[in-house]
Amino acid sequence: GKKIGLKETADCLKNADSVIITSHVSPDGDAIGSTLALCAYMRGIGKKADVVIDDELPRSMSFLPGYDDILRPEDYKGSAGMLVIVDTDSSRIGGVAEISNGLPILNIDHHISNNGLADYIFIEKSAAAAEMVYEILTELKAELTPEIAFPLYTGLATDTGFFKFSNTRSSTMRAAAALIDAGAMPHVVSEALEAKPVEMVRGQMEALQTMELTAGGRVAGLFLDRELMERLESTEGFIDMVRVIEGVDVAVLIKCVDENVCRVSMRSKGLDVSKVAGEFDGGGHIRAAGCTLKMPLADAKKAVLDAIERALEA
Ligand code: 5GP
Ligand code: MN
Ligand code: MN
């Protein structure tokens, strides 16, 4: 693919007549926020645009304008001239790949593990894809409406742990400030994202019972078996419960999401966990990464803890 900059990305969008906008499976606030904002902008300037994501959406984000319009690939009936992939590369868009087969791809991403398989690739080390979309819309002199500001603010907030993680830059805060001026309300976003049913809190209690410290206290893990996973509606934020333990360099959450399928999340204070995830065909960022292992929980646990320990020793 061809690496492009801010201006070319803006031109690319301006010159498109109709687009499918997508992001990764297991969509997070950045995936949903960035795609919704781009879609609202494109529609606002008279383009045909649809957000298509091949997964269930977190219900906590249903307050976002445009959320109800997000389509699954099987429900997309139109046609478009370009596929825009945001907050991931072409490897994690699920069935959207089939409905967009043959279309030129514009990829806007902030992951160091991006596979480079797109016609036009705009990559920056931004805190969030939402920060990149904010820059693009600024370049396009877009009018920032609440329909754009709320989703982008949500993307910034979720990818930075509400402006706490090391990826939070002054430019992130300046973008957030402009989005607040444009109508985004921080308390509305945080209250919607933090609210959880009481079963969730009970689930956290049970998840914490599985906590294990290894590597002399440098690694903390939660290991959720199939039975517990079937009762949990979400595991959002679980990994943060052990990430904060003093002396822990790497936090890991392993979830048995299907028979012999384990989803792994890792967070670190400096060790490059995207490399560890890469050993299992996953990826992400230096301090936050993930992968999927097709094996039972006990085997996945051993494989991942071994890989983390090896990385810590290296
Ligand atoms: P999470 O643990 O929140 O699911 O993911 C943390 C980070 O790693 C996110 O930025 C996410 O995009 C990335 N990530 C998680 N799982 C995968 C995966 O299977 N493949 C790749 N390439 N990235 C992943
Ligand atoms: Mn994401
Ligand atoms: Mn992101």
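Residues numbered from 1 in each chain as written. Chains lettered and ligands numbered in written order. Predicted model: local features only at pLDDT ≥ 70, side-chain atom pairs only at ≥ 80, totals over all residues. Heavy atoms only, no water.

**Q** Quick one: what's the story with unusual backbone geometry, residue by residue and with numbers?
**A** With phi around 55°, Lys 141 is a residue other than glycine that occupies positive phi space. If you trace the backbone, Lys 141 turns up in the loop between helix 4 (129-139) and helix 5 (146-159). Even without glycine at this site, Asp 281 takes up a positive phi of about 65°. (Helix = DSSP H or I, 4+ residues; strand = E, 2+ residues; numbered from the N terminus.)

**Q** Tell me about the coordination of the manganese ion (ligand 2), and please be specific about residues and values.
**A** On the protein side, the manganese ion (ligand 2) has His 24 (NE2), Asp 28 (OD), Asp 28 (OD) and Asp 87 (OD) as donor atoms, found 2.1 to 2.7 Å from it. The distance between the manganese ion (ligand 2) and the manganese ion (ligand 3) comes to 3.6 Å, with Asp 87 serving as a donor to both metals. The class for His 24 is buried, based on a relative accessible area of 4%. Residue classification places Asp 28 among the partly exposed residues on the basis of a relative accessible area of 27%. (Donors = N, O, S within 2.8 Å, 3.2 Å for Na, K, Ca; no water. Buried < 20%, exposed > 50% of the residue type's maximum accessible area, 1.4 Å probe, protein only.)

**Q** Talk me through the domain arrangement of the chain; I want residue IDs and the actual numbers.
**A** Domain assignment breaks the chain into domain 1 (2-194) and domain 2 (198-313). Spacing between the C-alpha centres of domain 1 and domain 2 amounts to 27 Å. In this complex, domain 1 contributes seven residues to the contact, which on the side of domain 2 involves eight residues. A buried area of about 610 Å², summed over both sides, lies between domain 1 and domain 2, and 47% of it is on carbon and sulfur atoms. (Domains from an automatic or database assignment. Contact = heavy atoms within 4.5 Å. Buried area = accessible area lost by both parts, 1.4 Å probe.)

**Q** Give a detailed account of the site of ligand 1, specifying residues and quantitative values.
**A** Surrounding ligand 1, one finds 13 residues, the nearest of these being His 111, Arg 263, Ser 265, Arg 267 and His 285. His 111 places a polar side-chain atom, nitrogen or oxygen, 3.0 Å from an oxygen atom of ligand 1. At a separation of 2.8 Å, an oxygen atom of ligand 1 approaches a polar side-chain atom of Arg 267. Relative to its unbound accessible area of 490 Å², ligand 1 is 79% covered by the protein chains. Among the secondary structure elements, those contributing two or more residues to the shell around ligand 1 are strand 10 (261-268), strand 11 (283-284) and strand 12 (288-293). Ranked by the residues each element gives to the shell around ligand 1, the list is headed by strand 12, at four residues. Its residues assigned to classes, the shell around ligand 1 shows three nonpolar, seven polar and three charged. (Near = heavy atom within 4 Å. Polar contact = N/O pair within 3.5 Å; in protein donor to acceptor, adjacent residues only side chain to side chain. Areas by Shrake-Rupley, 256 points an atom, 1.4 Å probe, with all protein chains shown as cover. Nonpolar A, V, L, I, M, F, W, Y, C, P; charged D, E, K, R; others polar.)

**Q** Describe the nonpolar core, and please don't skip the residues or the numbers.
**A** Counting 53 residues, the largest nonpolar core has Ile 21, Val 84, Ile 108 and Leu 152 as its most contacted members. Residues contacting Ile 108, with those up to four places away along its chain left out, are Thr 9, Leu 38, Val 84, Ile 85, Val 86, Asp 87, Phe 122, Met 132 and Ile 136. Among the nonpolar cores identified, the runner-up in size contains 24 residues, and Val 252, Val 276, Phe 280 and Ala 300 belong to it. (Core = buried A, V, L, I, M, F, W, Y, C linked by side-chain atoms within 4.5 Å.)

**Q** I'd love a proper account of the state of the cysteines, names of residues and values included.
**A** Tallied over the entire structure, the rule returns zero disulfides. With no disulfide of its own, Cys 256 lies 4.6 Å from the sulfur of Cys 262, the closest cysteine sulfur. Look at Cys 256 and you get buried, because its relative accessible area is 7%. Here Cys 291 stays free of any disulfide, with the sulfur of Cys 262 as its closest cysteine sulfur at 10 Å. (Disulfide = S-S within 2.5 Å.)

**Q** Any details on the environment of Leu 13? Residues and values, ideally.
**A** Within the element layout of this structure, Leu 13 appears in helix 1 (residues 6-15). According to the relative accessible area criterion, Leu 13 is buried, its value standing at 1%. Residues Leu 13 and Lys 2, eleven residues apart in the sequence, show an inter-C-alpha distance of 15 Å. For Leu 13, the residues in contact, after removing those within four places along its chain, are Leu 38, Met 42, Lys 47, Met 82, Val 84, Leu 106 and Ile 136.

**Q** Describe the pairing of strand 5 (residues 105-109), and please don't skip the residues or the numbers.
**A** Most of strand 5 sits out of view: five of its five residues are buried. Residues Ile 105, Asn 107 and Asp 109 line one face of strand 5 and the alternating positions Leu 106 and Ile 108 line the opposite face, and both faces are buried. Direction of pairing for strand 5 relative to strand 6 (residues 120-123): parallel, over a ladder of four bridges. Counterpart to Leu 106 in the pairing with strand 6 is Tyr 120. (Pairing = 2+ DSSP bridges.)

**Q** Kindly report on helix 4, identifying the contributing residues and their values.
**A** Here helix 4 lies mainly inside the structure; nine of its eleven residues are buried. Here helix 4 has its buried residues at Ala 129, Ala 130, Glu 131, Met 132, Val 133, Tyr 134, Glu 135, Ile 136 and Leu 137. Positioned one or two residues after helix 4, Lys 141 has a phi angle of 55°, which is positive.

**Q** Explain helix 1 residue by residue, including any values.
**A** Taken together, the buried positions of helix 1 are occupied by Thr 9, Ala 10, Cys 12 and Leu 13. Buried residues along helix 1 cover an arc of 155° about the axis, so they all sit on one side. For helix 1, exposure combined with an orientation more than 90 degrees from the buried face picks out Lys 7 and Asn 15. Of the surrounding elements, those touching the buried residues of helix 1 are helix 2 (29-44), strand 4 (82-86), strand 5, strand 6 and helix 4. (Arc of directions from axis to C-beta.)

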